[in-house]
Amino acid sequence: TVDLTLLMDGTPIVVDQISSTAALRVVSFIGRPLPLHATASGKCHLVNVPWPEALDLLQQPLHAFTDQTVTSINQLEKTVKQIGAGDFGYDREEYEAGICAIALPIHTSGASNYAIALSMPVNRFADRLPLLREALRTVQHSIEKSLGTT
């Protein structure tokens, strides 16, 4: 499943989605708010927010949705810096047990803060990571090219 999210009033909101056709799939819904710290797209949104402002947006203490949720501000800051340096945002069962996601920020020339994510059941995630990274990077570049930001 592919989700396009927009940071609105400090919260990532799903604004568009292409659902997987697989029998076992992840389905969100347009308009759904997501947590910044526990989702792949949320972490990508934080890349485009100055860290002092990000700290204001994050509801502290960070809520643990699962046993895998990162609740350390220091660890989250390291992750956001890695994404900002070109890495991917990941959710490895941090928001929902059994669900993983990979995401990238979409760089725009304006104030809009978008991210694009691919999510799926954990049993398909690790084996597909190389393909997911390549596909997501291709889509990111295509979107940014159409926006005139690359």
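Quick notes on the rules
- Residues numbered from 1 in each chain as written.
- Predicted model: local features only at pLDDT ≥ 70, side-chain atom pairs only at ≥ 80, totals over all residues.
- Heavy atoms only, no water.
- Helix = DSSP H or I, 4+ residues; strand = E, 2+ residues; numbered from the N terminus.
- Rg over C-alpha atoms; globule rule 2.2 N^0.38 Å.
- Contact = heavy atoms within 4.5 Å.
- Areas by Shrake-Rupley, 256 points an atom, 1.4 Å probe, with all protein chains shown as cover.
- Axes fitted to C-alpha atoms, helices over the stretch in contact; angles between N-to-C directions.
- Parallel < 35°, antiparallel > 145°, perpendicular 65-115°, else oblique.
- Nonpolar A, V, L, I, M, F, W, Y, C, P; charged D, E, K, R; others polar.
- Pairing = 2+ DSSP bridges.
- Phe/Tyr/Trp six-rings, centres within 6.5 Å; stacked < 30°, edge-to-face > 60°.
- Buried < 20%, exposed > 50% of the residue type's maximum accessible area, 1.4 Å probe, protein only.
- Lys NZ or Arg CZ within 6 Å of the ring centre and 35° of its normal.
- Expected span 1.5 Å × (residues − 1).
- Arc of directions from axis to C-beta.
- Core = buried A, V, L, I, M, F, W, Y, C linked by side-chain atoms within 4.5 Å.

Topic: the overall build of the protein
1) Next: If you tally the helices and strands in the protein, you get four helices and five strands.
2) Next: For the protein, the C-alpha radius of gyration of 14 Å lies close to 15 Å, the compact-globule estimate for 150 residues.
3) Next: When contacts within the protein are restricted to residue pairs at least 6 apart in sequence, long-range pairs at least 24 apart make up 55% of them.
4) Next: For the protein, the accessible area works out to roughly 7,900 Å², and carbon and sulfur atoms hold 53% of it.

Notes on the packing of helix α1 (residues 40-47) against helix α3 (residues 73-84)
1) Next: As a packed pair, α1 and α3 sit with axes 9 Å apart at the nearest point and diverge in direction by 75°. By the angle between their directions, the pair α1 and α3 is classed as roughly perpendicular. Where α1 approaches α3, its residues Lys43, Cys44, Leu46 and Val47 are matched on the opposing element by Leu76, Thr79, Val80, Ile83 and Gly84.
2) Next: Class assignment for the residues of the contact of α1 with α3 results in six nonpolar, two polar and one charged.

A look at the sheet that holds strand β2 (residues 11-18)
1) Next: An order of β2-β1-β5-β4-β3 is seen for the five strands of this open sheet, with the pairing classed as antiparallel. Since the sheet does not close on itself, it has two edges, and those belong to β2 and β3 (89-92), each with one partner. Across the sheet, the mean angle from the axis of one strand to that of its neighbour is 25°, orientation sign disregarded.
2) Next: Pairing of strand β4 (residues 99-106) with strand β5 (residues 114-121) involves eight bridges; the strand directions are antiparallel. Its bridge partner lying in β5, Ala103 is registered against Ala117.
3) Next: Against the sheet, α1 engages β1 (2-8), β2, β3, β4 and β5, with an angle of about 25° to β4.
4) Next: Relative to β4, helix α4 (residues 122-147) is tilted by about 20°, and along the sheet it contacts β3, β4 and β5.

Regarding unusual backbone geometry
1) Next: A cis amide bond links Gln60 with the next residue in sequence, Pro61, at an omega value of 0°.
2) Next: Positive phi is not limited to glycine here, since Glu93 has a value of about 60°.
3) Next: Within the secondary structure, Glu93 sits in the loop between β3 and β4.

Here's the deal with the packing of aromatic side chains
By convention here, two paired aromatic rings are described through the distance between centres and the angle between planes.
1) Next: Taken as a whole and assessed by the stated rule, the structure comprises two aromatic pairs.
2) Next: Residues Phe88 and Tyr90 carry aromatic rings whose centres are separated by 6.4 Å and whose planes lie at 50° to one another, so their mutual orientation is tilted. Judged on exposure class, the residue Phe88 and its partner Tyr90 are both buried.
3) Next: Positioned above the aromatic ring of Tyr90 is the side chain of Arg92, whose terminal nitrogen or guanidinium carbon lies 4.2 Å from the ring centre.

What to know about α3
1) Next: Compared with an ideal rise of 1.5 Å per residue, which puts twelve residues at 16 Å, α3 spans 16 Å between its outermost C-alpha atoms and is within 8% of the ideal.
2) Next: All buried positions along α3 are accounted for by Ile73, Leu76, Thr79, Val80 and Ile83. Looking down the long axis of α3, one finds its buried residues gathered within 120° of arc, a one-sided arrangement. Opposite the buried face of α3, by more than 90 degrees, sit the exposed residues Asn74, Lys78 and Lys81.

Details of the nonpolar core
1) Next: Counting residues in each nonpolar core, the largest one holds 13 residues, and the members touching the most others are Phe88, Tyr90, Ile102, Phe125, Leu129, Leu132 and Leu136.
2) Next: Val49, Trp51, Ala54 and Val80 belong to the second largest nonpolar core, which has eleven residues in total.

Any functional reading would require information that these geometric values do not contain.
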